[in-house]
Amino acid sequence: MASISGICSSSSSALKSHKIFPPACAGGKNLRGAKWAATPLIGGATRQRGGPLRSVARDTPPADVALGAGASTPLEKKQKSRGGVEKDPVVLWRRYVDWLYQNKELGLFLDVSRIGFTDEFFEWMEPKLQKAFADMRELEKGAIANPDEGRMVGHYWLRNPELSPTAFLRFQIQNTLVSICEFAGKVINGEIKPPSCPTGRFTQVLSVGIGGSALGPQFVAEALAPDNPPLKIRFIDNTDPAGIDHQIAQLGPELASTLVIVISKSGGTPETRNGLLEVQKAFREAGLDFSKQGVAITQENSLLDNTARIEGWVARFPMFDWVGGRTSEMSAVGLLPAALQGIDIKEMLVGASIMDEANRSTVVKNNPAALLALCWYWASDGVGSKDMVVLPYKDSLLLFSRYLQQLVMESLGKEFDLDGNRVNQGLSVYGNKGSTDQHAYIQQLREGVHNFFVTFIEVLRDRPPGHDWELEPGVTCGDYLFGMMQGTRAALYSNDRESITVTVQEVTPRAVGALIALYERAVGLYASLVNINAYHQPGVEAGKKAAGEVLALQKRVLTILNEASCKEPVEPLTLEEIADRCHAAEEIEMIYKIIAHMAANDRAIIAEGNCGSPRSIKVFLGECNVDDLFT
Ligand SMILES: O=P(O)(O)OC[C@H]1O[C@](O)(CO)[C@@H](O)[C@@H]1O
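Worth saying up front: this structure is predicted, and the values here are computed from it rather than measured. (Residues numbered from 1 in each chain as written. Predicted model: local features only at pLDDT ≥ 70, side-chain atom pairs only at ≥ 80, totals over all residues. Heavy atoms only, no water.)

A. A look at the overall build of the protein. For the protein, the helix and strand inventory stands at 21 helices and 16 strands. In the protein, buried positions account for 51% of the 631 residues. The long-range share in the protein, meaning contacts at least 24 apart out of those at least 6 apart in sequence, stands at 72%. (Helix = DSSP H or I, 4+ residues; strand = E, 2+ residues; numbered from the N terminus. Buried < 20%, exposed > 50% of the residue type's maximum accessible area, 1.4 Å probe, protein only. Contact = heavy atoms within 4.5 Å.)

B. The arrangement of the packing of helix 19 (residues 539-565) against helix 21 (residues 588-600) in detail. Between helix 19 and helix 21, the shortest axis-to-axis distance is 10 Å and the interhelical angle comes to 75°. Taken together, the axes of helix 19 and helix 21 lie roughly perpendicular to each other. Of the residues in helix 21, those in contact with Val-550, Leu-553, Gln-554, Val-557 and Leu-558 of helix 19 are Met-590, Ile-591, Ile-594, Ile-595 and Met-598. Across the contact of helix 19 with helix 21, the residue classes break down as nine nonpolar, one polar and no charged. (Axes fitted to C-alpha atoms, helices over the stretch in contact; angles between N-to-C directions. Parallel < 35°, antiparallel > 145°, perpendicular 65-115°, else oblique. Nonpolar A, V, L, I, M, F, W, Y, C, P; charged D, E, K, R; others polar.)

C. How the structure looks around the state of the cysteines. What the rule picks out here adds up to one disulfide. Note on cysteine connectivity: Cys-566 is disulfide-linked to Cys-624, with sulfurs 2.4 Å apart. Between Cys-566 and Cys-624, the disulfide has an S-S torsion of 110° and is therefore right-handed. With Cys-566 in the loop between helix 19 and strand 14 (573-574) and Cys-624 in the segment after strand 16 (618-621), this pair connects stretches of sequence that are 58 residues apart. On the basis of relative accessibility, which here comes to 30%, the residue Cys-566 falls in the partly exposed class. A relative accessible area of 36% places Cys-624 in the partly exposed class. Note on Cys-582: no disulfide assigned, nearest cysteine sulfur contributed by Cys-566 at a separation of 15 Å. (Disulfide = S-S within 2.5 Å.)

D. Structural context of the sheet that holds strand 3 (residues 204-208). With parallel pairing, five strands are arranged side by side in an open sheet as 4-3-5-6-7. Only two strands of the sheet have a single neighbouring strand rather than two, namely strand 4 (232-236) and strand 7 (315-318). Going from strand to strand, the sheet's axes swing by 20° on average, the running direction of each strand aside. Where strand 3 and strand 5 (residues 258-264) come together, five bridges link them in parallel fashion. When the sheet's bridge partners are listed, Gln-204 is paired in strand 5 with Thr-258. Here helix 11 (residues 303-311) sits on the sheet and contacts strand 5, strand 6 (294-298) and strand 7; the angle it forms with strand 6, its principal contact strand, is near 150°. (Pairing = 2+ DSSP bridges.)

E. Structural detail: empty space enclosed by the protein. Summed over the entire model, instances satisfying the criterion amount to three cavities of 30 Å³ or more. Here the second largest cavity defines a volume of roughly 80 Å³. Along its surface, the second largest cavity is lined by 13 residues, and Leu-158, Ile-173, Met-330, Ser-331 and Leu-335 are the ones closest to its centre. Secondary-structure elements contributing two or more residues to the lining of the second largest cavity are helix 7 (167-188) and helix 12 (332-340). Per-element tally for the lining of the second largest cavity: the top contributor is helix 7, with four residues. Considered class by class, the residues forming the lining of the second largest cavity number 11 nonpolar, two polar and no charged. (1 Å grid on protein atoms, 1.4 Å probe; cavity = no way out; pocket = protein on both sides within 12 Å on 5 of 7 lines; lining within 4 Å. Points joined across faces, edges and corners; volume = space filled by probe spheres on them.)

F. Local environment of unusual backbone geometry. The step from Gly-434 to Ser-435 runs through a cis peptide bond, and the omega angle for that step is -5°. Position of Ser-435 among the secondary structure elements: in the loop between strand 9 (429-430) and helix 16 (442-447). In this chain, Glu-568 is followed by Pro-569 through a cis amide linkage whose omega measures -5°. In this structure, His-583 takes a positive phi of about 55° despite not being glycine.

G. Here's a closer look at the site of the ligand. Around the ligand sit 14 residues, and of these Gly-212, Ser-213, Ser-264, Ser-266 and Thr-269 come closest. A distance of 2.8 Å separates an oxygen atom of the ligand from a polar atom in the backbone of Gly-212. Here Ser-213 contributes a side-chain N or O atom positioned 2.7 Å from an oxygen atom of the ligand. Contact with the protein chains hides 87% of the accessible area of the ligand, taken as 390 Å² for the molecule alone. Judged by the fraction of its atoms near the pocket grid, the ligand is located in the largest pocket. Of the residues that constitute the shell around the ligand, the class distribution is two nonpolar, nine polar and three charged. (Near = heavy atom within 4 Å. Polar contact = N/O pair within 3.5 Å; in protein donor to acceptor, adjacent residues only side chain to side chain. Areas by Shrake-Rupley, 256 points an atom, 1.4 Å probe, with all protein chains shown as cover. Sits in = over half its atoms within 2 Å of the grid points.)

H. Molecular detail of the layout of surface pockets. Here the largest pocket is characterised by a volume of approximately 820 Å³. Taken together, 38 residues form the lining of the largest pocket, with Gly-325, Gln-406, Glu-410, Gln-537 and Lys-544 sitting closest to its centre. Among the elements of the structure, strand 5, helix 10 (270-285), helix 15 (400-412), helix 18 (509-529) and helix 19 are those that each provide at least two residues to the lining of the largest pocket. Here the residues of the lining of the largest pocket are counted per class, giving 12 nonpolar, 17 polar and nine charged.

I. Focus on the packing of helix 8 (residues 215-224) against helix 18. The contact between helix 8 and helix 18 brings their axes to 10 Å, and the two run at 150°. The crossing of helix 8 and helix 18 is right-handed. In this structure, helix 8 uses Phe-219, Val-220, Ala-223 and Leu-224 to contact helix 18, whose residues at the interface are Pro-509, Val-512 and Ile-516. Classifying every residue of the contact of helix 8 with helix 18 gives seven nonpolar, no polar and no charged. (Left-handed = near helix turned anticlockwise from the far one by under 90°.)

J. Local environment of the pairing of strand 2 (residues 108-111). Where strand 1 (residues 101-103) lies against strand 2, three bridges are found, and the strand directions are antiparallel. From the neighbouring strand, Asn-103 faces strand 2, where its bridge partner is Leu-108.

K. Main features of the sheet that holds strand 2. Taken together, six strands build an open sheet; the order of strands is 1-2-13-10-8-9 and the sheet is mixed. Lying at the two open borders of the sheet, with one neighbouring strand each, are strand 1 and strand 9. Those strands touched by helix 17 (residues 477-494) are strand 2, strand 10 (452-459) and strand 13 (499-504), and its axis lies near 155° from that of strand 10.

L. Representation of the environment of Asn-175 within the structure. Along the chain, Asn-175 falls in helix 7. On the basis of relative accessible area, Asn-175 is assigned to the partly exposed category, the value being 37%. For the pair formed by Asn-175 and Met-485, sequence separation is 310 residues and the distance between their alpha carbons is 43 Å.

M. Looking closely at the confidence of the model for the protein. Within the protein, residue pLDDT values average 89, and 88% of them lie at 70 or more. Low pLDDT, under 50, characterises residues 1-5; the stretch is placed with 10 contacts to residues that sit more than four places away or in other chains. A low-confidence stretch, residues 10-16 stays under pLDDT 50, and its non-local contacts, those more than four residues away or across chains, total 25 contacts. In the model output, the complex is listed with pTM 0.89 alongside ipTM 0.99. (pLDDT = per-residue confidence, 0-100.)

Quick look at the structure:
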């Protein structure tokens, strides 16, 4: 069983140096992140302003255009060369060596040699990049980096509280970390125990949350939870009743020893609220007191916070206004579930902090996030014209692409830029894992539509030391995985498919923290390069609003049907009649769908006629309610 010192170990001097931890958690000497290969990339080059990138990216070069002829910007030249990449092995090896980024403290490498950018492109991007660095510095100093919502963006402070702009914020971060460590320690060692088994301990965590309040914890659990964690974790991350039932059924009698963590920054997300209500019902049916097993992670005074306070839940942890959902893995959102699984959360913070430090370099070759952002720009023409396929060659990193999907797409997928121009920006992300995907869609990547670039995630260590064996002379199972990755990289490249490779030694808490920090920063820099706000998500509101309208219409339909069904004799209604009485003639299709859904779910709806020909349907309720249905 992991102890409190195991999950919140303070052994790393690097950690202490980054002043993440208050005295209760750690103390020690400084060890600043060293720098390697500090050769400046660009010196006094003439900088050209680019042409209109959007039209550049979407232009198809005419067949008779000589490679690069007539093009003025580096991206135009790329367009005209039809994406052909360098093939000479000697030149490629030189390019590999020249561009290889290494971070010794993290054991992390970044290889961008198989993205076909030119030196001229980097020179051309330099002013934009320096502006992005300046934006990032302002953000880290506490500027209002999310102008629409008037909020600071402070996820970098979570792993280096010294950076936060006020002493109060610093205190909040440190205090929360101490509370997480103490709480997780007490749960694990049995000081905080489930009320219905007073001699026992909590054995399970059920996390209820969605989006940024689920994806980070899911990724980290899959990547880092030990085989026999002190508490096992399950997730409810949807309002799918069957999915919720499945999780509760899987817990069975262990519901009595389950700590339920409800995570929602806003504290009002419907899917999460529904998950909570469903779990509370399961507790009631099992004769359990939910409040003695519930924990809330949310903003102070949100609906969820108030509910938890009034009902006297076991604990409440804060979610800060200045941390966005998709960058919340290093807040209580990610740290509490991880700590309860015995994961060394301080090492995650150390990894992130070291990576952040590297990403503050204004020399692009020393700044892995800047390298990534520039590669994305090159590969997708700065307009998201190519998708990012993320292929980790390690089963435990399966959920990384899913995690990145929200981080990248919710951040970069924007209709308008910061100046109000319609740009419809974005970068699509998908992927599962290698070599599994070799047997699924790599065929299309190699030979089909050329609308992507790949990011390989390579893990050097195959197995813990002492466990490996050769399944044929000189070759292990891990050698096959390695061979598959190298082979796929080479085969794709030989057909002009570009790729980036991120290499880590092992999947450790430090490496995972570093990977998260690397992509958080790359997204922030890229957003500056394309002049959009990475920190809001106005687009998701439209779907939420429309869902609310559907449910409101359903209530009106039920009221109309109830009135007709209470008549003597019962008055079956056609869809047109229902729509008419609802004053919603334009919603007839939705009314049909509402009725079909309710009929399929035994909701006392009787629909006569043929569902395949909606005009023939007549509907009434199997039982009528003389009182107002919704009081
Ligand atoms: O943590 P909350 O407030 O429940 O929100 C969950 C998710 O919903 C979103 O707001 C999108 O709808 C995400 O940005 C967020 O991570």
